[in-house]
Amino acid sequence: MKVLKIIVGSVVLLSIVLLGNSRLGMMPPVMKFVDPFHGFWQNATFSNTLETIQINGTDSDAEVILDERGVPHVFATNEHDLYYLQGYMTAKDRLWQMEFQTHAAAGRLSEVIGDKAISFDLEQRRIGMTYAADQALELIAQDSISMLILKAYCDGVNQFISSLDESSLPLEYKLLDYKPEPWTIYKSCLLLKYMAKMLTGTENDRANTEAMKLLGPELFWKLYPDQTYLVDPIVPGFLLDTASLAENEVQAFEGSATYSTSYVQPHFVGSNNWAVSGTRTESGNAILCNDPHLRLSLPSIWYEIQLNAPGINCYGVSLPGSPGVTIGFNERVAWGVTNAGRDVKDYYSIDLKGDFYQIGDSTYTVEPRVESIKVRGGQTIIDTVLYTVYGPIAHVSEEGNDRLALRWLAHDPSNELKTFYELNRASNFDDYSNALEQYNCPGQNFVYADVDNNIAIWQQGKFRIKPKGYGKFILNGSDAENLQEQFIPKAQNPHMLNPARGFVSSANQAAVDSTYPYYVSGVYEEFRNRTINRFLRNDSSITIEDMRDLQLSNYNLLAEEALPLLLELLDTSSFQYKEYETLALNELLEWNYRNDKGLIAPTVFEIWWDEFNNLLWDEFNQQHWDQDLYYQYSWEQLALNGKAKIDMRDERYVYPMNKIAIDLLKNHPENIMFDHHSTNDRIEIAKDIVYDSFYWTAMKFGEIIKYKFSAPHWGRYQGTRVQHLLRIDALSSDKLFVGGSEHAPNATTATHGPSWRMIVELDKDGPIAYGVLPGGQSGNAGSDKFIYSLNNWVNGEYHRLHFIKNSSETQDGWQKIDIRVLAK
């Protein structure tokens, strides 16, 4: 019996040990994870500071100063050491983020998290992300400066990786039970293409093609016009002396295939930047501002840093995984970026016969690219992506008999890294202009200011010269005219220097008006830009505090233009749900159009506008408006997440832009689009849709109050969160009590918002700069620097950015790191 007990006990103990050191599904090995010497406890106590950094094979005096927020100020005597130390410090704070994002870019997430990521990985491979990185690396390898800084950065990252042991691995590696692999220059290329995808992902070729089939040409062009009708473009009245223009309009490809467009995001969130001349500021100095609006995430998208070496002293934010400063300033100039929104993706229908396809009179053969997707805990998936002269066949129709090849300008060889290398060292407008020569994709609006009171903005990217309508629909891949590509010269991309009005600005609106001789298409913002420009026109004695208030402005110009029209048409005598309809109406009547966190009116308006659009555009909905089903679904969503925002859109379509809905309300209240498809006994007009949508709004508003699904105040209802990249609640923020709207300068939504706020005054005695991240410097959730600045961001507070000239300018609480040079 004793022997049996010993055997049973040994088996149980062995089972516990084996199970405790093995993953169970997505759970980490329990014993390894809770090991007090090597598990997650070490991340709670793992020091966020360093005493020494070892530089391998150099002979350099270098120093790193960490300020009170953990921002590294790197001082070196040569470029190799500068970027080596940037790589080391970035990896120290953000290694897991760097690797996870490049795994995502390469379609390799399945290696880490298993079969849940297969569809994502397949999409990344099929749209040619790794191909794009290959093309970039081939060109970059020809530039000695780019290779020097990338190699140095790479060596610094790998030096940090080599210093890690099991106890000091970042927490996410322990959660997912894997280890980092060596960093490579190729990974930095992947990261840049990942950003290109993020910033060029909105294109409606497939959705427009489906809408054209549904509506016909006349109605389609009324509902989906090119957005040159928008007022306040980035560069108004931009004229060219000469241009080669194609005169013929392009018709939609008359195919019958149906393509999924579920990737389309129906709501637009972008970025702001502007620069004001000293002629309009109180100090007489130029002021530049930038706040890129991206998905809010932990660790923060950006990494703050100062880089100082011969020929360079700049400060700003970098992309973890890429050397240099992306948005920032130096002693003489400042720069910032917003997304251009230009359409740089075109889809071509390919009639494939075996391995062959026809373009004009020529026959071409597809080139297969075999993609192997390793799946953790599963079998490797082999996917063969077929490449055409346009690019990869990225999508196959739902019927399976038609294919779309993707022509994406991010596939072309480019070296955007060189642009930022030169901007970091720029000292005047000519340097800024020359730096942009290298920049191709994604198209960006580069704002500029300098100590000599010059201000400028330039929309730069590689933009194809297109006939009117080209790229708005799926194109016929067999037409040989498609192969005749020409691109707009940089000098003819929209730009301006020192305009008479004394400011330049962009907020993702159209860059030009109808006077621009080239055809321009894209997806553009309609309201934020006009709010910003209204402020800048009216204030001629601008201060840094004014710029902060403008970045934090919650003024909703959509509400200013749409709400009076809705209220004018609302029949209040027919209220059926009187208590809450009256309560909701009173909130709106007293509203100042600001989506401030403590107000209830923004909640009512946002629900009403969504309800109105779902009814107005019922032609594009999943079901032609079964009210009982819709109400039940809405109630379930309220109970689930406290939100009444329901997107009824059929995934094949996108709704027309808000300005179209406003125009119909204002000028065409009896337009056929207001008629419900589900009611055959009457024809509805605008006032019917306005009342019906307000009734549904009041119902949902009442449920929010009665059942306490969510507080009715906008800051609670909006539900803004900064989520960890793994979407783990314990590593994410709680819901934040903040204001904002996608249509306000403070373009904050539930998931997106200002990922970096920066204000720089270009004073001759040195830049005066402020900034804040929605998180912190460290990627270690156990560090006090993980969400160091989140409360500041929530409260609209900024940090003074410490732009120091030498390493002796330290302050109390800063740390100086010893650089230990190893012999060659």
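Here, the structure is the one placed above.
Residues numbered from 1 in each chain as written. Predicted model: local features only at pLDDT ≥ 70, side-chain atom pairs only at ≥ 80, totals over all residues. Heavy atoms only, no water.

**Some words on unusual backbone geometry**
In this model, L298 is joined to P299 through a cis peptide bond whose omega is -5°. By secondary structure assignment, the location of P299 is in the loop between β7 (297-298) and β8 (303-309). Cis peptide bonds are those with omega within 30 degrees of zero, and the linkage from C441 to P442 qualifies with 5°. Among the structural elements, P442 can be located in the loop between α14 (429-435) and β19 (444-450). One non-glycine residue with positive phi stands out, namely N453, at about 70°. The class for N453 is partly exposed, based on a relative accessible area of 26%. Even without glycine at this site, Y593 takes up a positive phi of about 70°. Turning to its location among the elements, Y593 is positioned in the loop between α18 (578-589) and α19 (601-616). (Helix = DSSP H or I, 4+ residues; strand = E, 2+ residues; numbered from the N terminus. Buried < 20%, exposed > 50% of the residue type's maximum accessible area, 1.4 Å probe, protein only.)

**Details of the environment of N586**
Looking at the element boundaries, N586 is found in helix α18. For the pair N586 and A601, spaced 15 residues apart in sequence, the C-alpha to C-alpha distance is 8.6 Å.

**Things to note about the packing of α18 against α19**
Two numbers describe how α18 lies on α19: the axes approach to 8 Å, and their chain directions differ by 110°. Here α19 runs roughly perpendicular to α18, going by the angle between their axes. Where α18 abuts α19, its residues A584, E587 and L588 lie against A601, V604, F605 and W608. Within the contact of α18 with α19, the residues separate by chemical class into six nonpolar, no polar and one charged. (Axes fitted to C-alpha atoms, helices over the stretch in contact; angles between N-to-C directions. Parallel < 35°, antiparallel > 145°, perpendicular 65-115°, else oblique. Contact = heavy atoms within 4.5 Å. Nonpolar A, V, L, I, M, F, W, Y, C, P; charged D, E, K, R; others polar.)

**Some words on the pairing of strand β29 (residues 815-821)**
One ladder, built from four bridges, connects strand β1 (residues 52-55) with β29; its direction is parallel. Within β29, the position partnered with I55 by the bridge is V821. Relative to β29, strand β2 (residues 63-66) is paired through three bridges, and the arrangement is antiparallel. Looking at the pairing, I65 lines up with K816 of β29. (Pairing = 2+ DSSP bridges.)

**Digging into the sheet that holds strand β18 (residues 403-408)**
Read across the open sheet, the four strands follow the order β17-β18-β12-β21; overall the sheet is mixed. At either end of the open sheet lies a strand with only one pairing partner, and these are β17 (393-396) and β21 (475-476). In the sheet, β17 pairs with β18 via three bridges, with the strands oriented antiparallel. The partner of V396 across the bridge, within β18, is R403. Against the sheet, helix α11 (residues 205-215) contacts β12 (345-350), β17 and β18, and its axis sits at roughly 60° relative to β12.

**Considering the environment of V389**
One can find V389 in the loop between β16 (381-387) and β17. Sequence separation between V389 and G477 is 88 residues, and the spatial gap between their C-alpha atoms is 9.9 Å. In contact with V389, not counting residues within four places along its chain, are Y357, I359, Y364 and L483.

**Focus: the pairing of strand β13 (residues 356-359)**
Side chains of β13 alternate between two faces, with Y357 and I359 buried and F356 and Q358 left unburied. Relative to strand β14 (residues 362-365), β13 is paired through four bridges, and the arrangement is antiparallel. Bridging across to β14, F356 finds its partner in T365. In sequence, β13 turns back onto β14 through a hairpin of two residues, with G360 there showing a positive phi of about 60°.

**Quick notes on the pattern of salt bridges**
Pairs may arise between side chains of opposite charge once their charged atoms sit close together. For the structure shown, the criterion picks out 37 salt bridges. One salt bridge connects K466 with D346, and the closest N-O pair in it is separated by 3.5 Å. Of this pair, K466 sits in the loop between β20 (455-460) and β21 while D346 sits in strand β12, and the two are 120 residues apart along the sequence. Residues K466 and D346 agree in their burial class; the two are buried. Between K785 and D784 there is a salt bridge whose closest N-O contact spans 3.3 Å. According to the relative accessible area criterion, K785 is buried, its value standing at 12%. A single salt-bridge network, built from bridges that share partners, covers R407, D412, K462, R464 and E485. (Salt bridge = Lys/Arg side-chain N within 4 Å of Asp/Glu carboxyl O.)

**Remarks on the sheet that holds strand β5 (residues 287-291)**
Spatial strand order, β23-β4-β5-β26-β27-β28: six strands in an open sheet with antiparallel pairing. At either end of the open sheet lies a strand with only one pairing partner, and these are β23 (503-506) and β28 (799-800). Most of the contacts of helix α15 (residues 528-538) go to β23, to which it runs at about 165°, and overall it touches β4 (272-276) and β23. With respect to the sheet, helix α16 (residues 544-551) is in contact with β4, β5, β26 (757-761) and β27 (768-772), its orientation differing from that of β26 by roughly 160°.

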